Each structure stands twice: as C-alpha cells, then as structure tokens.
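Residue-level structure breakdown
As a plain string of letters, each chain reads:
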Amino acid sequence: MTKELIKGNTAVAEAALRAGLEAYFGYPITPQTELLEHLSARMPELGRAFVQAESELGAINMVYGAACTGKRVMTSSSSPGVSLMMEGLSYIAGTEVPMVLVDVVRGGPGLGNIAPAQGDYNQIVHGGGHGDYRLIVLAPASVQEAVDLTALAFDLAEKYRTITTIMMDGSIGQMMEPAELPPFQPLKEEIPAWAVRGAKDGEKRVLTSINLDPPTQEVMNLRLMTTWQKIEANEVRWKGYHLDDAEYVVVGFGTAGRIALSAVRAAREQGIKVGLLRPITLAPFPAEILDELTEKVKAFLVVEMNTGQMLEDVRLAVRGRKPVEFFGRMGGVVPFPDEVLTEIRRLATEPQTTAGHPRDRWLARLTETIG
Amino acid sequence: MTLTDVPAKVVYSRPDSLECRGTHYCPGCTHGIAHRLVAEVLDEMGIVEDTIGVASVGCSVFAYNYFNVDFVEAAHGRAPAMATGIKRVYPDHIVFTYQGDGDLASIGMGEIVGAASRGEKITVIFINNANYGMTGGQMAPTTLPGQKTTSSPTGRDVARQGYPIQTAELLSTLEGAAYVVRRSLHNNREVRRAKQAIRTAFEVQKAGLGFSLVELLSTCPTNWGMTPVEAREWVEERMLPFYPLGDYKISSAVAEWMK
C-alpha cells in the first residue's frame with residue numbers, strides 16, 4: 001500500500017469503513033463534519049447504513065439500536081454534540097453493547113469555538129453520562145495513528161462489549177498528512193449470541209439497561225467493573241520517546257504530546273536529558289509506567305490543551321514522590337514547541353518542589369504572559 | 001343431550017406472541033388491550049420471528065416482558081431513533097416502537113418527527129392517556145384544557161401551560177408519514193377498529209410503504225381517579241371531541257395498496 005495525503009476526519013471515516021463499519025449515524029458539527037460527509041457518500045455506495053440524524057440525541061440512539069444487533073456501528077461528533085450524546089452513552093454502557101465514538105474535541109465550554117482543544121478529557125475519560133461506567137479512550141497524535149487506532153477501537157469495543165472513544169482534537173481531524181490506509185476487512189459474519197435479530201430459534205432476547213432490583217443492579221455494576229479490571233490489565237497503550245536515560249519526563253497526549261515531542265527533541269539538542277511519555281490509551285490510564293518512571297527521574301512536566309485535566313491522573317500515579325509541573329494552553333489556543341521548550345528548560349534549571357499545586361504556579365506564570 | 005356432549009371448540013385464546021404472565025398494569029387500564037391487539041396482529045401476519053420491538057419509558061417500560069419477540073429498551077423518548085438504527089441494519093425485519101404520550105409527544109418529539117419525516121419503515125403504537133402514568137399522573141403534552149393532574153392541580157390553564165398536542169394531526173403533515181391514524185380503546189367497537197388499524201400499520205411496514213403510526217386513546221383510571229367504567233366514559237365525553245378518531249394520513253402508495 002502507498003501513502004496518500006488525507007485529512008484526519010476523512011481518514012478515520014475511510015478506516016472505519018475498511019474495518020467493516022456496517023452502520024453510521026451522525027450529525028454535522030465542526031470540526032468533525034468531513035467524517036460524516038465522507039461516509040454519506042461511501043456507506044450507501046457499499047450498501048451499508050448511513051443516516052444523518054435529526055440531532056446528536058437521535059444519532060446516538062440510532063447507534064444504540066444498531067449496536068443491539070451486534071453489527072459494527074459508529075458515530076462521530078465534536079464537544080457540544082458529544083455532550084448531547086451523554087445520555088445515550090450511559091444507556092449503551094448499561095446495556096453492554098459495543099460501539100465506537102469519535103470525538104473531535106474543540107474549544108469550550110458552551111458553544112466555545114471550532115479550534116483544537118483537549119478540554120473534554122474529564123468528560124470522556126472520567127464519565128460524562130450518569131451512572132457507574134467506564135469506557136476505553138484512545139488518543140491519536142497523527143492522522144496515521146488515528147487510522148491505525150480505528151480498527152483497534154472496534155476490536156476492543158467488541159472484545160469487552162464496551163464503548164471505545166477515539167478522542168482527537170480539531171487539528172488531527174482537520175490536518176492533512178500522508179497516511180497509509182488499511183486493506184478492506186470482510187464484514188463480520190457472526191452475530192453475537194446476545195444480539196437481537198428476531199426470535200427465530202424460539203429464544204427471545206431482551207437488551208435493556210433497566211435493573212429495578214438494586215441487588216441485580218449491583219451485580220451488573222460489579223460485572224462492568226470486573227470487565228474494566230481486565231481492560232486495565234490488558235489494554236494500556238503508550239509510547240515513550242527518549243525515556244531510557246531521561247532525567248525529566250514530559251507527559252502529553254494527542255496534539256499536545258506531538259508538540260511536546262518537538263520541544264523534547266530541541267531540548268535534547270541543548271543537552272537536557274528529557275523524554276516524552278505519550279499516553280495512547282487515556283483510559284485505561286498508563287499509571288504503571290508513570291510509577292516506574294517516578295523511581296528514575298527528577299521531575300515531570302504535563303502538557304495539555306486544557307487547564308490540567310490529565311494532570312490530576314499523573315499526580316495520582318506519581319503520588320507526590322517527585323515534582324510534577326504543568327503547562328497548558330486552552331480555549332482553542334495550541335501551544336508552540338518553543339513555549340514547551342521554555343518549560344522544559346525551567347524544569348531542568350530551576351529548583352522544583354512537590355509542595356503546593358502545579359496548576360497554581362502555571363496560572364501565575366500564564367497570567368503574566370496572556371494577562 | 002348434556003353439555004359435555006357438545007364438542008369443545010377453542011374460540012378465544014392467548015396469542016402466541018404474548019407471554020403467559022400477568023401484567024403490571026392497573027385494573028381497567030387499556031395497555032393490556034393494546035398489547036393483545038399488537039400480539040394478535042403479529043400472530044396473524046406470521047411475523048413474530050422477524051419482529052424486533054422497542055419499548056419506551058413510561059408505564060409500558062416493561063412491554064418487553066409481555067411479548068414473545070426480541071426487544072430492546074430505549075431511553076425516554078428515543079425509541080424512534082433506536083428503531084431507526086435497528087431497521088437500517090435489518091431492513092427486512094419488522095420493527096415497532098410502543099410509546100406513551102409523555103415519551104413520544106414531549107421529550108421524544110424530535111425523534112418521532114425525525115423518524116416520520118425520513119419515512120422510516122417502522123410502526124409506532126402510540127398510547128395517549130392524557131397524563132404521565134408511571135410517575136403518578138402529571139400533566140402531559142396530551143392533557144386536556146382544564147384537566148386536573150398532580151402537576152396541574154387546578155386544571156390545565158392554557159394561558160400558563162399551553163395547549164395539548166394533537167399528535168396524529170401534527171405528524172400527518174409530514175410527507176414521509178405513510179399511514180397515521182387515531183383510534184380508541186374505550187369500547188368494543190373501537191377496539192375492533194383499532195385492531196384493523198394496527199394490522200394495516202404493520203402491513204404498511206411489511207410492504208415497505210413507509211412510516212406508520214396508530215394513536216390509541218387509552219384510559220388511566222388510577223391517575224384519573226375514576227372507576228374503569230367512568231374512565232371509558234371520560235374518553236368518550238372528553239377526549240374524543242379534542243382527539244377525533246380518524247385517518248389523518250393515508251399516502252397515495254398506501255391508498256393504492258389498500259385497493
């Protein structure tokens with residue numbers, strides 16, 4: 001296969017199609033719309049289901065219905081649209097049917113703007129919908145990685161009967177990069193035993209998220225948690241750069257991680273022994289490698305395009321044993337590599353502390369810069 | 001000749017597609033009749049094995065317990081969207097939703113209008129009993145002007161609380177709707193007519209003619225504070241004038257098919 005120059009949104013759409021996507025339901029919202037547009041042409045071409053829904057509420061509930069048939073189903077949206085989908089996501093989690101959600105995150109809260117951001121980390125990684133559930137979150141940092149993670153997202157969703165979210169930001173969605181698309185997978189032939197299909201064999205199937213009897217609900221909650229423990233044990237993914245001899249480690253995901261990598265390389269050229277840990281699964285979170293690194297390095301720097309949401313997960317893993325500093329830009333503002341480099345230099349040259357909260361120090365510095 | 005000499009003949013029995021169990025519905029409630037009519041139609045059309053039902057949120061939340069067909073349970077109001085997802089994956093299956101008035105005409109108005117306008121080939125059984133039954137009788141989008149409910153204790157004041165929604169009329173204006181009718185379950189004659197309409201609605205879906213909906217005026221003696229008999233009279237006296245029975249949309253394709 002050869003590489004082609006392709007936009008992130010289009011690439012994910014085509015990758016999903018090639019991974020055997022059988023039904024897509026969505027609603028236009030910037031910066032995600034090309035994904036829906038691409039599938040609006042390709043799905044009918046291949047005789048597969050495509051509906052532009054009346055709203056994100058409609059879209060996610062169409063996904064819910066189609067997911068109950070056990071077929072490969074997906075929706076995509078961006079931050080405000082994903083907020084509207086939270087109800088459906090909770091029901092889908094409660095019914096234990098697999099689906100893939102692509103969230104092309106933009107600046108917020110509220111209507112915000114259509115520029116790249118990572119402000120939905122907490123909403124996606126730590127819940128959003130009501131009730132006690134967790135979902136797998138994949139965070140690509142390039143168009144190619146987004147393509148590669150798409151097929152994986154379906155496999156994981158089906159393996160664990162769960163929701164897999166590909167959380168990327170507006171720049172991954174909108175950017176054109178060379179990427180190699182995977183070959184076509186045949187459509188799934190096997191229908192899972194739990195899926196509705198008409199009670200032909202005399203065995204009726206009911207898919208529901210209702211458990212009026214609290215002990216029954218508790219058993220269900222336990223089952224979800226047991227599944228999550230398996231996911232935590234088997235599915236943590238991350239990528240390390242220059243970690244072997246690193247004295248300092250930058251932690252960043254998606255576009256922020258990619259920008260941080262440029263800064264890490266520049267810092268290396270200046271003789272600073274710094275590495276990058278880029279979580280690919282935000283959930284399950286790569287806490288174990290952070291724990292190992294804590295034993296070896298002098299300090300961490302978390303870089304995000306928000307006010308420090310993953311920062312809290314890093315701090316939980318480091319548990320105050322080493323200083324953790326933070327740098328972020330938000331609201332659709334993307335940090336420059338130079339800004340991150342300045343933070344790395346500061347980390348390596350100034351005395352660091354485990355006292356106080358890194359967010360307070362960052363805010364004080366940032367307020368001087370952007371007032 | 002004694003009575004035992006007469007050969008026994010089954011003239012009435014439980015439809016196969018209805019589970020053999022009691023329901024959770026209140027005495028005098030017409031949900032049970034609606035369930036039975038749907039089940040009889042599924043039996044008669046021989047489509048039980050091809051049918052997937054979508055239950056909604058409201059008194060009929062447990063509808064899946066009573067039908068011998070595959071079922072899913074939707075979030076409040078979203079049954080038409082969920083049915084859309086299933087039908088698009090299984091276009092040759094029969095997919096129906098069973099929804100109450102709070103579910104369909106209030107929180108789910110977006111989903112029902114979306115599904116009808118797209119001409120989704122699904123069948124909607126819509127129970128209109130002029131209140132939110134499951135939560136204890138609050139004002140619904142179908143509550144009549146002046147009608148007392150637990151959230152309109154002095155009667156629905158249209159100046160403050162607006163007017164009821166005439167769902168069949170509203171949806172009949174959509175090009176995508178193929179068959180939209182209103183029937184009632186308050187007496188035997190209307191029950192028989194309701195059955196015919198439900199049959200037609202499923203036939204419309206089976207023939208691929210588009211979206212079909214049967215609105216059924218129903219009783220809610222418990223929340224109306226009436227005996228079952230009084231409730232049936234109330235449907236006739238109060239609901240029928242505001243919700244006239246009739247065929248609100250018969251698309252040309254359906255009309256052609258009916259010939």
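Conventions we followed
- Here the residue index of a chain counts from 1 through its sequence in written order.
- For this description, chains carry letters from A and ligands carry numbers from 1, given in the order in which they are written.
- Local features are withheld for residues below a pLDDT of 70 in this predicted model, meaning they are given only at 70 or higher, and side-chain atom pairs are given and counted only at 80 or more; totals for whole chains, interfaces and linings count all residues.
- Side-chain measures were taken over the full set of non-hydrogen atoms in the model, leaving aside hydrogen atoms and water.
- Salt bridge, as applied in this entry: a Lys or Arg side-chain nitrogen positioned within 4 Å of an Asp or Glu carboxyl oxygen.
- Numbering of helices and strands runs from the N terminus; a helix is a DSSP stretch of H or I covering at least four residues, while a strand is a stretch of E covering at least two.
- Categorising residues by exposure relies on relative accessible area from a 1.4 Å probe, with only protein chains included: less than 20% of the type maximum marks a residue as buried, more than 50% marks it as exposed, and the intermediate range marks it as partly exposed.
- Strand pairing requires that DSSP identify at least two bridges connecting the strands.
- Throughout, a residue-residue contact means that at least one pair of heavy atoms, one from each residue, lies within 4.5 Å.
- Interaxial angles span 0 to 180 degrees and are taken between N-to-C directions of axes, which are lines fitted to C-alpha atoms, for helices over the stretch in contact.
- Here's the idea: put two parts together, see how much 1.4 Å probe accessible area each one loses, and the total over both is what we call buried area.
- Two N or O atoms form a polar contact when they lie within 3.5 Å of each other; inside protein one atom must be a possible hydrogen donor and the other a possible acceptor, and for residues adjacent in sequence the pair counts only when both atoms belong to side chains.
- Each Phe, Tyr or Trp ring, with Trp reduced to its six-membered ring, pairs with another whose centre is within 6.5 Å; inter-plane angles below 30 degrees give stacked pairs, above 60 give edge-to-face pairs, and intermediate values give tilted ones.
- Every angle not falling under 35 degrees, over 145, or within 65 to 115 is termed oblique; those three ranges are roughly parallel, roughly antiparallel and roughly perpendicular.
- Each helix crossing is assigned a hand: it is left-handed if the near helix lies turned anticlockwise from the far helix by less than a right angle, otherwise right-handed if that turn is clockwise.
- In this text, buried Ala, Val, Leu, Ile, Met, Phe, Trp, Tyr and Cys residues form a nonpolar core when linked through side-chain atoms within 4.5 Å.
- As used throughout, domain bounds are those supplied by an automatic or database domain assignment.
- Three residue categories are used. Nonpolar comprises Ala, Val, Leu, Ile, Met, Phe, Trp, Tyr, Cys and Pro, charged comprises Asp, Glu, Lys and Arg, and polar comprises the others, including Gly.
- Only residues whose relative accessible area exceeds 30% and that take part in no salt bridge are eligible for patches, with like-charged residues grouped when within 9 Å of each other and nonpolar side chains (Val, Leu, Ile, Met, Phe, Trp, Tyr) grouped when within 5 Å.
- Using a 1.4 Å probe, accessible areas were evaluated by the Shrake-Rupley method; residue-level cover was limited to the displayed protein chains.
- Charged residues are defined here as Lys and Arg on the positive side and Asp and Glu on the negative side; His and the ends of the chain fall outside this count.
- By convention, the charge on Lys lies at NZ, on Arg at CZ, on Asp at CG and on Glu at CD.

**Details of the pattern of salt bridges**
Per the stated rule, a full pass over the model turns up 47 salt bridges over all chains. As a salt-bridge pair, Glu145(A) and Arg278(A) come within 2.7 Å of each other at their nearest N and O atoms. Residue Glu145(A) is located in helix H6 (residues 143-160), and its partner Arg278(A) is located in strand S12 (residues 274-279); the two are separated by 133 residues in the primary sequence. Accessibility assignment for this pair places Glu145(A) and Arg278(A) in one class, buried. Linking Arg199(B) and Glu203(B) is a salt bridge whose minimum nitrogen-to-oxygen distance equals 2.8 Å. Here the residue Arg199(B) and the residue Glu203(B) both occupy positions in helix H7 (residues 188-206), the gap between them amounting to four residues, near one helical turn.

**Side note on the sheet that holds strand S4 (residues 123-128) of chain B**
A sheet is described by the order of its strands in space; here eight strands give the open sequence S9(A)-S2(B)-S1(B)-S3(B)-S4(B)-S6(B)-S5(B)-S7(B), paired in mixed fashion. This sheet does not close on itself; its edge strands, each paired only once, are strand S9 (206-207) of chain A together with strand S7 (246-250) of chain B. Across five bridges, the pairing between strand S3 (residues 94-100) of chain B and S4(B) is parallel. Each residue of the ladder has a partner; that of Phe96(B), found in S4(B), is Thr123(B). Strands strand S1 (51-55), S3, S4 and strand S6 (211-217) of chain B of the sheet are contacted by helix H1 (residues 31-45) of chain B, whose axis makes an angle of about 170 degrees with S3(B).

**So, the interface of chain B and chain A**
Where interface size is quoted, it is often the accessible area lost as the parts come together. In this complex, chain B contributes 34 residues to the contact, which on the side of chain A involves 34 residues. The junction of chain B with chain A conceals about 2600 Å² of combined surface from both sides, 61% of it contributed by carbon and sulfur atoms. Area buried by chain B at its contact with chain A is led by Glu49(B), Asp70(B) and Tyr90(B), which between them contribute 21% of it. For the pair chain B and chain A, the number of links is five salt bridges. Where Asp50(B) meets Lys200(A), a salt bridge forms, and the shortest distance between an N and an O atom there is 2.9 Å.

**Points about the side chain of Thr51(B)**
With respect to the helices and strands, the residue Thr51(B) is situated in strand S1. A polar atom in the side chain of Thr51(B) sits 2.6 Å from the backbone oxygen of Ile47(B). Apart from residues lying up to four places away in sequence, Thr51(B) is in contact with Gly198(A), Leu42(B), Val69(B), Asp70(B), Ile94(B) and Phe96(B).

**So, the sheet that holds strand S3 (residues 49-52) of chain A**
Residue and element names in this part refer to chain A. Read across the sheet, seven strands follow the order S3-S2-S4-S5-S7-S6-S13 without closing on themselves; strand pairing throughout is mixed. Every interior strand has two partners, whereas the edge strands, S3 and strand S13 (281-283), have only one. Going across the sheet, the axis of each strand differs from the next one's by a mean of 20 degrees, ignoring polarity.

**Digging into the packing of aromatic side chains**
Residue and element names in this part refer to chain B. Enumeration over the complete set of coordinates arrives at 12 aromatic pairs over all chains. Plain terms: the ring middles of phenylalanine 67 and phenylalanine 96 are 5.9 Å apart, the flat faces sit at 75 degrees to each other, and that makes the pair edge-to-face. One end of the pair, phenylalanine 67, is in the loop between S1 and strand S2 (70-73); the other, phenylalanine 96, is in strand S3, with 29 residues separating them in the sequence. As far as burial versus exposure is concerned, phenylalanine 67 and phenylalanine 96 are alike and both buried. Three or more aromatic residues joined by ring pairs make a cluster, and in this case those are Phe67, Phe71, Phe96 and Phe202.

**Focus: the packing of helix H10 (residues 287-296) of chain A against helix H11 (residues 310-318) of chain A**
All names here are of chain A. Two elements in contact, H10 and H11, have axes separated by 8 Å at closest approach and are oriented at 55 degrees. By the criterion of interaxial angle, the relationship of H10 to H11 is oblique. In this structure, H10 meets H11 at a crossing whose hand is right-handed. On H11, the residues touching Ala287, Leu290, Asp291 and Thr294 of H10 are Val314, Ala317 and Val318.

**Observations concerning the nonpolar core**
Of all hydrophobic cores here, the largest spans 148 residues; its most connected members are Leu39(A), Met74(A) and Ile344(A). Of all the elements, H6(A) adds the most residues to this core, at nine residues. The residues that make up this core include at least three from each of domain 1 (4-234) and domain 2 (239-370) of chain A. Residues in contact with Leu39(A), not counting those within four places in the same chain, are Ala13(A), Leu17(A), Leu21(A), Tyr24(A), Pro44(A), Phe50(A) and Met74(A). Within the second largest apolar cluster, 40 residues are counted, among which are Ile47(B), Ala55(B), Val61(B) and Ala63(B).

**Quick notes on the domain arrangement of chain A**
Residue and element names in this part refer to chain A. By domain assignment, chain A separates into domain 1 (4-234) and domain 2 (239-370). Just the C-alpha atoms count here: the centres of domain 1 and domain 2 sit 29 Å apart. Summed over both partners, the interface of domain 1 with domain 2 buries about 2000 Å², with 53% contributed by carbon and sulfur atoms. Taken together, domain 1 and domain 2 are joined by two salt bridges. Residue assignment for the side of domain 1 that touches domain 2 shows that the elements contributing at least two residues are helix H5 (121-125), strand S6 (136-138), H6, strand S7 (163-169), helix H7 (170-174) and helix H8 (214-234). When its residues are assigned to classes, the side of domain 1 that touches domain 2 shows 18 nonpolar, eight polar and five charged.

**Topic: unusual backbone geometry**
Glycine aside, negative phi is the norm for most residues, and most peptide bonds take the trans geometry. All names here are of chain A. Of note, the bond from threonine 30 into proline 31 is cis; its omega dihedral lies within 30 degrees of zero at 5 degrees. Within the secondary structure, proline 31 sits in the loop between strand S2 (23-26) and helix H2 (33-45). Of note, histidine 242 is a non-glycine position whose phi angle comes to about 55 degrees, a positive value. Position of histidine 242 relative to the elements: it lies in the loop between strand S10 (238-241) and strand S11 (248-251). With relative accessibility at 38%, the residue histidine 242 sits in the partly exposed group.

**Description of helix H1 (residues 8-18) of chain A**
Residue and element names in this part refer to chain A. Within H1, 11 of the 11 residues are buried, which leaves the element mostly enclosed by the surrounding structure. All of the buried residues in H1 are Gly8, Asn9, Thr10, Ala11, Val12, Ala13, Glu14, Ala15, Ala16, Leu17 and Arg18. Note on H1: the residue one or two positions beyond its end, glycine 20, has a positive phi of about 95 degrees.

**A closer look at the packing of H1(A) against H6(A)**
All names here are of chain A. With their axes 9 Å apart at the nearest point, H1 and H6 run at an angle of 30 degrees to one another. Here H6 runs roughly parallel to H1, going by the angle between their axes. When the axes of H1 and H6 are compared, the crossing they make is right-handed. Listed contacts from H6 to Gly8, Ala11, Val12, Ala15 and Ala16 of H1 are Val143, Ala146, Val147, Thr150 and Phe154.

**Observations concerning the side chain of Arg346(A)**
All names here are of chain A. On the secondary structure map, arginine 346 appears in helix H12 (residues 337-349). A polar contact of 3.3 Å, which involves the side chain of arginine 346, links it to the side chain of glutamate 325. Residues within four places of arginine 346 in sequence aside, it is in contact with Glu325, Gln352 and Arg365.

**Describing a negative patch on the surface**
Residue and element names in this part refer to chain B. Where like charges cluster on the molecular surface, the negative patch consists of Glu230, Glu233, Glu236 and Glu237. Along the chain, glutamate 230 falls in helix H9 (residues 228-242). You can call glutamate 230 partly exposed: its relative accessible area is 39%.

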